[in-house]
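Here is how the chains run, residue by residue.
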Amino acid sequence: MSAHTTTTPTAKAAGATADWLDSRTGVGYAVKGLARKLFPEHWSFMLGEIALYSFITLLISGVFLTLFFVPSMNEIHYEGPWEALAGAQMSEAYASTLRLSFEVRGGLLMRQVHHWAALVFMAAIVTHMMRVFFTGAFRKPREVNWIIGFVLLTLGLAAGFSGYSLPDDVLSGNGLRIAEGITRAVPILGSYAAYFIFGGEFPGQDLIPRLYMVHILLVPGLILALVGLHLAFVFLHKHTQFPGSGRSNSNVVGYPFFPIYVAKAGGFFFIVFGVISLMAATMQINPIWNYGPYDPSPVSAGAQPDWYMLFLEGALRLMPGQAEIVIGGFTIPLNVIVPGMILPVLLLGSLAIWPFLEAYVTGDRREHHVLDRPRNVPFRTAFGVSLLTAFLVLVLAGSNDLLATHFNLSINDITWAFRVLVLVAPAIAFWVTRRLCLSLQRKDRELVLHGHESARIVRFASGEYVEVHTPLDEHERWIRVQHEPLRPAVIEPAEDARGVRRTGYRKDRFRQRLSQVFFEERVEPVTPSEYAAAQAHRLHAEIEPDDEPAQISAGSVHQD
Amino acid sequence: MSTVERDEGTQTPDRFEDPGLPQHTPRRGDLDPKQNKKSERIVLALFALSSLGTVGFLVAYFALPTGGDATTIFRSNVSLGLGLAFALLGIGAAAIHWSKAIMNNHERVEARHPMASPPEVREAAVKNLTDGTEDSRISRRGLLKTALVGSVALFPLTILVPLVGEVGEDWNVGALKHTMWRKGLKLTVDPSGRPIKASDLQVGSVVHVIPEGLDEAEHPLDEKAKAVVLLVRLNPDDIRSEQGDGWSYEGIIAFSKICTHVGCPVALYEQQTHHLLCPCHQSTFDVADGARVVFGPARRPLPQLPIAVDDEGYLVAQDDFDQPIGASFWERLR
């Protein structure tokens with residue numbers, strides 16, 4: 001690093017610093033290996049960046065808030081400037097949040113930046129995860145990073161809920177009471193689990209300090225460590241790329257980290273922080289001074305948790321009470337256990353294990369660095385959309401009271417409608433998405449085989465009109481034919497040549513059945529021979545139009 | 001190592017050829033020096049905008065004090081926030097415009113390599129591990145292995161035992177089954193603590209009730225969280241059922257305010273139908289019918305507080321609730 005011939009004083013100083021550092025750390029290796037590392041470009045790759053930058057925004061604003069927030073449940077009488085609450089009894093946590101909002105200049109801004117950043121953080125994580133899921137970026141060798149990302153999602157939920165509860169206002173206090181109610185429902189250990197968390201009965205004296213530790217140390221520490229690991233894996237694996245000419249499974253096409261992504265990604269951090277600041281400046285969020293300090297008696301109607309908890313709230317609202325059962329004198333509140341514990345585990349768990357399920361079904365052990373176009377993997381895309389649909393129905397169910405008041409509908413009718421929809425809508429969404437994917441694939445075939453409509457109508461001597469199609473150029477065509485067809489697994493026969501039943505056949509047969517569910521119905525990409533046949537036919541047809549109908553249909557569905 | 005299960009025979013033999021990277025198209029700025037100069041000026045202007053934002057923030061900080069009223073607070077918040085937003089967005093937009101319009105935009109290609117380490121490296125790794133195991137001499141010492149695993153498995157108890165011992169305070173989960181209500185305790189208005197005379201209540205009126213002397217309790221909030229009660233006066237003829245004989249007084253009837261679903265305060269009373277609605281998850285209870293659940297995710301009626309009137313005409317409790325209040329738990333009936 002010291003070998004440069006330096007001219008200007010700045011360059012000399014930089015060289016000397018680099019020499020000093022490299023002689024002590026060998027950082028030259030890292031700079032040599034990483035500075036010009038290539039990253040492919042696509043707008044959807046920025047979703048994960050938004051998550052990262054909103055997390056940094058959370059750290060910056062969070063440090064500011066900790067300097068003024070007092071995590072204590074000691075009851076005091078309010079003596080600050082907000083007259084509506086003069087003399088009111090409240091916890092120190094609530095009072096210090098009022099102080100942050102009204103007396104610390106810029107404190108309200110930082111509170112609102114922090115809260116908006118949390119909402120953006122979760123939204124970015126979810127959309128980033130959708131991008132990774134629908135493009136198959138979780139496939140080998142990235143399964144571990146998918147799991148890390150999944151853990152980050154759950155940690156994000158924990159960070160959000162613990163932070164939301166810290167101001168000790170009526171709204172968040174009732175949220176905590178709901179959390180206590182759900183905890184109690186755990187069979188056998190429920191009341192002990194609640195005592196474990198709350199340090200005794202609800203609300204107790206310990207919860208806010210405990211949540212504070214969870215919120216500012218435990219969870220962000222874990223998130224920070226896992227984010228580091230997540231990014232290290234991105235560097236190690238090299239980023240995936242969308243299919244396109246010259247982009248293969250054995251190369252990366254993109255721009256160098258330095259200077260392009262230092263500028264773009266660095267700049268994007270400021271954009272994300274800037275947009276969050278704009279939101280914090282102009283849109284009020286969590287005005288706890290309107291809610292009042294926590295008191296176990298009052299509750300506000302039309303209360304909503306932050307958006308990422310709505311699906312749980314909705315699930316709790318939908319489950320009919322009849323599910324609570326008593327066996328041998330012991331109460332098992334399935335009306336809480338099913339929506340509060342089983343359902344989130346099923347919804348999130350199916351996401352977590354998906355890469356492994358898909359690898360098992362396809363039997364594919366190769367590395368994949370070129371992303372799937374979602375239409376080319378209809379079963380996965382349909383599954384993802386149906387999961388999102390279930391999530392969306394639950395989110396809406398979590399707002400059923402607002403829907404009732406805004407649209408003058410009966411709360412009972414809405415709840416019943418959602419009870420049905422939460423079961424039916426995902427199935428419909430699955431079916432529709434799968435059909436759409438197959439249709440889009442047929443459209444691709446159609447385009448490759450016959451080209452674009454040119455809007456040029458030609459009349460033949462015979463009087464017949466045809467529209468001339470312009471063939472796709474080779475780059476347009478490549479995107480539509482580059483993928484491998486996904487077919488059901490082919491397994492060895494049940495018996496060998498001498499008629500002896502082989503071991504492991506049943507396992508193979510099960511896997512084959514599953515892969516038939518996934519890939520039985522499919523549209524395969526155009527092959528060069530099909531293309532050649534279509535071209536020959538097209539030329540033929542343009543010269544001699546009264547020929548027999550086309551041999552190659554665009555929508556050949558394979559059923560084998 | 002990687003067994004490619006999909007045999008080559010199933011792949012379409014004839015696949016299209018990758019046509020290779022398309023031709024690079026230069027930007028206007030690459031061809032026209034004037035355009036290039038213009039991009040540079042835009043970047044400069046954006047950086048300048050950012051500095052103006054910072055200055056604006058500082059001016060707002062010093063010039064706009066916040067008082068105890070909403071106007072000054074929101075004025076301060078909007079001006080500080082806009083200053084911060086411009087300071088940040090200026091830098092961001094400048095950097096991104098610089099990278100897009102001025103920096104070299106030729107895409108480059110780099111080869112990927114398989115993630116797995118090559119066989120000779122793996123062999124060396126395995127050898128290191130076997131050598132290390134050999135060096136440790138552990139394979140011939142079964143007792144040592146057991147002792148190692150045993151002691152490492154045991155030591156976390158030094159942290160776990162005190163943690164579990166202390167984290168739940170006294171672990172007296174039996175407290176969940178009782179509230180501070182007892183015979184003769186006056187029903188008082190929440191939050192003033194004023195006792196309630198039966199004669200004060202009109203038919204159709206609702207009172208949020210706390211027990212007398214709540215403030216003197218050791219942990220008033222914990223007691224309040226269990227003891228809050230909703231008092232309703234119905235027309236006595238409307239009462240179809242109660243949870244106990246003689247538990248109400250002349251149509252005045254009291255129920256726990258804590259929902260039997262997950263413990264929200266059930267606060268919305270509809271006078272016409274005598275329905276109580278929990279605003280959290282919409283469990284609906286019929287006050288005139290022993291607080292039976294008529295809709296929603298709750299299973300059990302709200303526990304009824306037996307009440308009576310004392311010599312002076314004040315409403316008092318006859319006893320504690322006859323069952324645990326609030327959300328269900330495993331041993332609530334035990």
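Residues numbered from 1 in each chain as written. Chains lettered and ligands numbered in written order. Predicted model: local features only at pLDDT ≥ 70, side-chain atom pairs only at ≥ 80, totals over all residues.

J.: Mind showing me how you'd approach the overall build of chain B here?
T.: A tally of regular secondary structure across chain B gives seven helices and twelve strands. The C-alpha extent of chain B, read off along each of the three principal axes, is 95 × 75 × 50 Å. Out of the 334 residues belonging to chain B, those deemed buried represent 33%. Long-range contacts, defined here as pairs at least 24 residues apart, represent 57% of the contacts in chain B between residues at least 6 apart. (Helix = DSSP H or I, 4+ residues; strand = E, 2+ residues; numbered from the N terminus. Buried ≥ 20, exposed ≤ 12 C-beta atoms within 10 Å, placed from the backbone. Contact = placed C-beta atoms within 7 Å.)

J.: Please clarify how the interface of chain B and chain A should be interpreted in this entry.
T.: Reports often express the size of an interface as the amount of accessible area lost when the parts come together. Taken together, the contact between chain B and chain A spans 88 residues of the former and 100 residues of the latter. Counting residues per element, the ones that place at least two in the side of chain B that touches chain A are α3 (70-102), β1 (108-111), α7 (220-227) and β9 (292-295) of chain B. The element contributing the most residues to the side of chain B that touches chain A is α3 of chain B, with 18 residues. Residue classes in the side of chain B that touches chain A are distributed as 47 nonpolar, 23 polar and 18 charged. (Nonpolar A, V, L, I, M, F, W, Y, C, P; charged D, E, K, R; others polar.)

J.: What am I meant to see in the sheet that holds strand β1 (residues 38-39) of chain A here?
T.: Hydrogen bonds between backbone atoms are what pair the strands of a sheet, whose relative direction is either parallel or antiparallel. Across the sheet, which stays open at both edges, the three strands sit in the order β1(A)-β4(A)-β1(B) with antiparallel pairing between neighbours. Among the strands making up the open sheet, the edge pair consists of β1 of chain A together with β1 of chain B. One ladder, built from two bridges, connects β1 of chain A with strand β4 (residues 251-256) of chain A; its direction is antiparallel. Each residue of the ladder has a partner; that of Phe39 of chain A, found in β4 of chain A, is Tyr255 of chain A. (Pairing = 2+ DSSP bridges.)

J.: In this structure, what is going on with the nonpolar core? I would like to understand it.
T.: Soluble globular proteins: nonpolar side chains tend toward being buried together. Membership of the largest hydrophobic core comes to 176 residues, with the highest contact counts inside it found for Phe121 of chain A together with Leu187 and Val229 of chain B. Counting residues per element, this core draws most heavily on helix α5 (residues 107-134) of chain A, at 16 residues. Ignoring anything within four residues of it in the chain, the contact list for Phe121 of chain A reads Ala51, Ser54, Phe55, Leu58 and Gly156 of chain A. The next biggest cluster of nonpolar side chains, apart from the first, holds six residues, and it includes Val448, Trp478, Val481 and Ala534 of chain A. (Core = buried A, V, L, I, M, F, W, Y, C linked by C-beta atoms within 7 Å.)

J.: Got a minute to help me understand the sheet that holds strand β3 (residues 206-211) of chain B in this structure?
T.: All names here are of chain B. Read across the sheet, five strands follow the order β2-β3-β4-β5-β10 without closing on themselves; strand pairing throughout is antiparallel. With one partner strand each, in any of the chains shown, β2 (187-189) and β10 (304-305) form the two edges of the open sheet. Pairing analysis gives two bridges linking strand β5 (residues 252-256) to β10, with the strands arranged antiparallel. Bridge pairing in β10 places Phe255 opposite Gln304.

J.: What am I meant to see in the pairing of β5 of chain B here?
T.: Along any regular strand the residues' side chains alternate between the sheet's two faces. Summarising burial for β5 of chain B: five of the five residues are buried, a large majority. Going residue by residue along β5 of chain B, you find Ile252, Ala254 and Ser256 of chain B tucked away on one face and Ile253 and Phe255 of chain B tucked away on the opposite face as well.

J.: I tried to follow the domain arrangement of chain B on my own but got confused; where do I start?
T.: Taken domain by domain, chain B comprises domain 1 (28-102), domain 2 (119-167) and domain 3 (178-317). Put simply, the middle of domain 1 of chain B and the middle of domain 3 of chain B, counted by C-alpha atoms, are 58 Å apart. (Domains from an automatic or database assignment.)

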